[in-house]
Amino acid sequence: MTTAYLEEVNPWEAQVARSDLAARKLKLDEGLWKILRQPSREVIVHVPVQLDDGSLETFTGFRVQHSIARGPAKGGIRYSPNLTLDETRALASWMTWKCAVVNIPFGGAAGGVICDRDKMSKRELERLTRRYTAELMELLGPEKDVLGPDINTDEQIMAWIMDTYSMHMRHTVTAVVTGKPLGLGGSHGRTEATGRGLMIVCDEALKRLSMNRDQTRVVIQGFGNVGSNAAHLMHQRGYKIVGVSTSSGGLYNKNGIDIDALLIYHKRNNTLIGFRGTEETDSAQLSVTNCDILIPAAVENQITSRNADRVRAKILCEGANGPTTAEADDILTNKGVFVVPDILANSGGVTVSYFEWVQDRQGYFWSESVVNDQLDHTLRTSFAEVLRYAETHGVSNRIAAYMLAIDRVAYTLRQRGIYA
Ligand code: NAD
């Protein structure tokens, strides 16, 4: 890979390119931007874990708090063999902007551990999670930094984090983490929230483009929490899901895939491959397949300067964080692709995480329909605000979302003043 391409696919560089541009368009005070441009705190921990064979191993973990200007830091935990500090920085910054786009009172954070979940037993995963949490104890808390799920972390891991934190505090503290199981202070609707949010913003995009759901062909990359829930909900609502993929391959059927049957098949076999009535394909091919909506819902850098000109979707709705590089943005704009940027499109997850945090602190739990109605309202309002910003300032939807977010965070910072 060339140096230029390595820079293009560095998530931190991708984040900086967009936020710098948005700050310039806002004519933001240079000093304020110096503060907001960098994460405010970055922690690296080396976590000792006893493996099942009795040997000791250490795993490197990160927690980055980008901003706490608008409220407690909030962000996911990712377990991945390829996790880097730059990726974690980018995810933390995106969380700050995302929470501001949907106007919820959180700052942004992100974290994770360099590990291969597939090669670890459940006991090893539990020991790793508990020790990682213990190493970060002083930084965490419902008023300080609230964790949540991301790639390769789930409600079981959130339950262990909650329990470890609570053991140290000597009382149960449910609001230190979101995405917990329902019985431990989780919220109805959280598991599906990011996928539901994608469906809501796709509905809004269709309205803008005068398109109908039942004639809309959708391709979804990633069939984990975000991708599978988006597929399920959108299929139920009448969208035609023509392609789906995981890291081990994908499926395509131009007439639409029976998602309900595929969900059962995937759960039973832990693969999509072999599902009846579909052609095998791969994720890279799906990026450039003829469709109306492309939903990357897996990892970063799926749309880059190398394939953006071949994207054939009318709408790109970003379920993953950072699936598109900054270099691909102009190519997509010139092609007239309607982009719903990640910091708006996948904000359903953190919105319902906020509802979970509120419910935990209230000690009063909402019905699923209340959660879904509030989510619906938040996302439709935010979608309209981003589009209005884009029209008013003559910028792309992505830069509009960054401008709206940076403007909100900068406003708070100005009001609070700088303790310097
Ligand atoms: P997950 O671990 O549940 O699922 C990830 C999926 O992506 C798996 O199906 C995996 O096989 C697939 N995948 C990995 N590499 C792939 C590739 N190259 N091509 C195709 N598929 C690939 O993770 P998740 O929670 O669904 O998160 C997916 C993305 O959504 C991430 O970017 C995450 O940051 C973002 N996100 C998640 C949430 C959430 O609530 N979980 C919220 C906002 C954004």
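Computed from a predicted model, the values in this text were never measured in an experiment. (Residues numbered from 1 in each chain as written. Predicted model: local features only at pLDDT ≥ 70, side-chain atom pairs only at ≥ 80, totals over all residues. Heavy atoms only, no water.)

(A) Looking closely at the overall build of the protein chain. When helices and strands are tallied, the protein chain shows 15 helices and twelve strands. Computed over its C-alpha atoms, the radius of gyration of the protein chain comes to 20 Å, within 12% of the 22 Å expected for a compact globule of 420 residues. Along the first, second and third principal axes, the C-alpha set of the protein chain runs to 55 × 55 × 50 Å. The burial tally for the protein chain puts 59% of its 420 residues in the buried class. Sequence-distant contacts in the protein chain: of pairs separated by 6 or more residues, those separated by 24 or more amount to 68%. (Helix = DSSP H or I, 4+ residues; strand = E, 2+ residues; numbered from the N terminus. Rg over C-alpha atoms; globule rule 2.2 N^0.38 Å. Buried < 20%, exposed > 50% of the residue type's maximum accessible area, 1.4 Å probe, protein only. Contact = heavy atoms within 4.5 Å.)

(B) Structural detail: the pairing of strand β1 (residues 41-50). Sheet topology note: the β1/strand β2 (residues 56-67) ladder contains ten bridges and is antiparallel. Following the sheet pairing, valine 43 is matched in β2 by arginine 63. The hairpin turn running from β1 into β2, its antiparallel successor, is five residues long, and glycine 54 in that turn takes a positive phi close to 95°. (Pairing = 2+ DSSP bridges.)

(C) Looking closely at the sheet that holds strand β5 (residues 145-149). Pairing is mixed in the open sheet, where five strands are placed in the order β1-β2-β4-β3-β5. Two strands bound the open sheet, and with one partner strand each, they are β1 and β5. Here the average twist between neighbouring strands, direction ignored, is 25°. Bridge count for β2 against strand β4 (residues 108-114) is six bridges, and the pairing is antiparallel. Note that in β4 the partner of glycine 61 across the bridge is valine 113. Here helix α4 (residues 85-101) sits on the sheet and contacts β1, β2, β3 (73-80) and β4; the angle it forms with β2, its principal contact strand, is near 35°. (Axes fitted to C-alpha atoms, helices over the stretch in contact; angles between N-to-C directions.)

(D) Looking closely at the packing of aromatic side chains. As enumerated under the stated definition, the model contains eight aromatic pairs in all. Ring geometry for tyrosine 354 versus phenylalanine 355: centroids 5.9 Å apart, planes at 45°, classification tilted. For phenylalanine 355, a relative accessible area of 4% translates into the label buried. In this structure an aromatic cluster arises from ring pairing among Phe106, Tyr354, Phe355, Trp357 and Trp366. One cation-aromatic arrangement involves arginine 306 over tyrosine 5; the distance from NZ or CZ to the ring centre is 3.6 Å. Directly above the ring of tryptophan 357 sits arginine 361, whose terminal nitrogen or CZ lies 3.9 Å from the centroid. (Phe/Tyr/Trp six-rings, centres within 6.5 Å; stacked < 30°, edge-to-face > 60°. Lys NZ or Arg CZ within 6 Å of the ring centre and 35° of its normal.)

(E) Representation of the packing of α4 against helix α15 (residues 397-416) in the model. Look at α4 against α15: their axes get within 8 Å of each other, and the N-to-C directions meet at 85°. Relative to α15, the element α4 lies roughly perpendicular. Here α4 contributes Trp94, Thr96, Trp97, Ala100 and Val101 to the contact with α15, which in turn contributes Ala401, Tyr402, Leu404, Ala405, Ile406, Arg408 and Val409. Classifying every residue of the contact of α4 with α15 by side-chain character gives ten nonpolar, one polar and one charged. (Parallel < 35°, antiparallel > 145°, perpendicular 65-115°, else oblique. Nonpolar A, V, L, I, M, F, W, Y, C, P; charged D, E, K, R; others polar.)

(F) Here's a closer look at the site of the ligand. If you check the shell around the ligand, you find 22 residues, and the closest are Asp150, Thr194, Val226, Ser283 and Asn321. Note that an oxygen atom of the ligand is positioned 2.9 Å from one of the backbone N or O atoms of asparagine 225. Relative to its free-state accessible area of 830 Å², the ligand is covered by the protein chains to the extent of 83%. Elements that contribute at least two residues to the shell around the ligand include exactly α7 (190-208), α8 (225-236) and β7 (240-246). Classifying every residue of the shell around the ligand by side-chain character gives seven nonpolar, twelve polar and three charged. (Near = heavy atom within 4 Å. Polar contact = N/O pair within 3.5 Å; in protein donor to acceptor, adjacent residues only side chain to side chain. Areas by Shrake-Rupley, 256 points an atom, 1.4 Å probe, with all protein chains shown as cover.)

(G) Just the pairing of strand β10 (residues 293-296), in detail. Taking every second residue as pointing to the same face, both faces of β10 are buried, with Ile293 and Ile295 on one and Leu294 and Pro296 on the other. Sheet topology places strand β6 (residues 217-221) next to β10; four bridges connect them, and they run parallel. Looking at the pairing, isoleucine 220 lines up with isoleucine 295 of β10. When β10 meets strand β11 (residues 315-317), the two strands line up parallel, connected through two bridges. From the neighbouring strand, leucine 294 faces β11, where its bridge partner is leucine 316.

(H) Layout of the pattern of salt bridges. Within this structure, the stated rule accounts for 30 salt bridges. Between aspartate 329 and arginine 18 there is a salt bridge, and its shortest N-O distance comes to 2.7 Å. With aspartate 329 in helix α11 (residues 326-335) and arginine 18 in helix α2 (residues 11-25), this pair connects stretches of sequence that are 311 residues apart. Using a relative accessible area of 13% as the deciding quantity, one classes aspartate 329 as buried. Classification of arginine 18 by relative accessible area gives buried; the value is 3%. (Salt bridge = Lys/Arg side-chain N within 4 Å of Asp/Glu carboxyl O.)

Taken by themselves, the reported measurements are silent on function.
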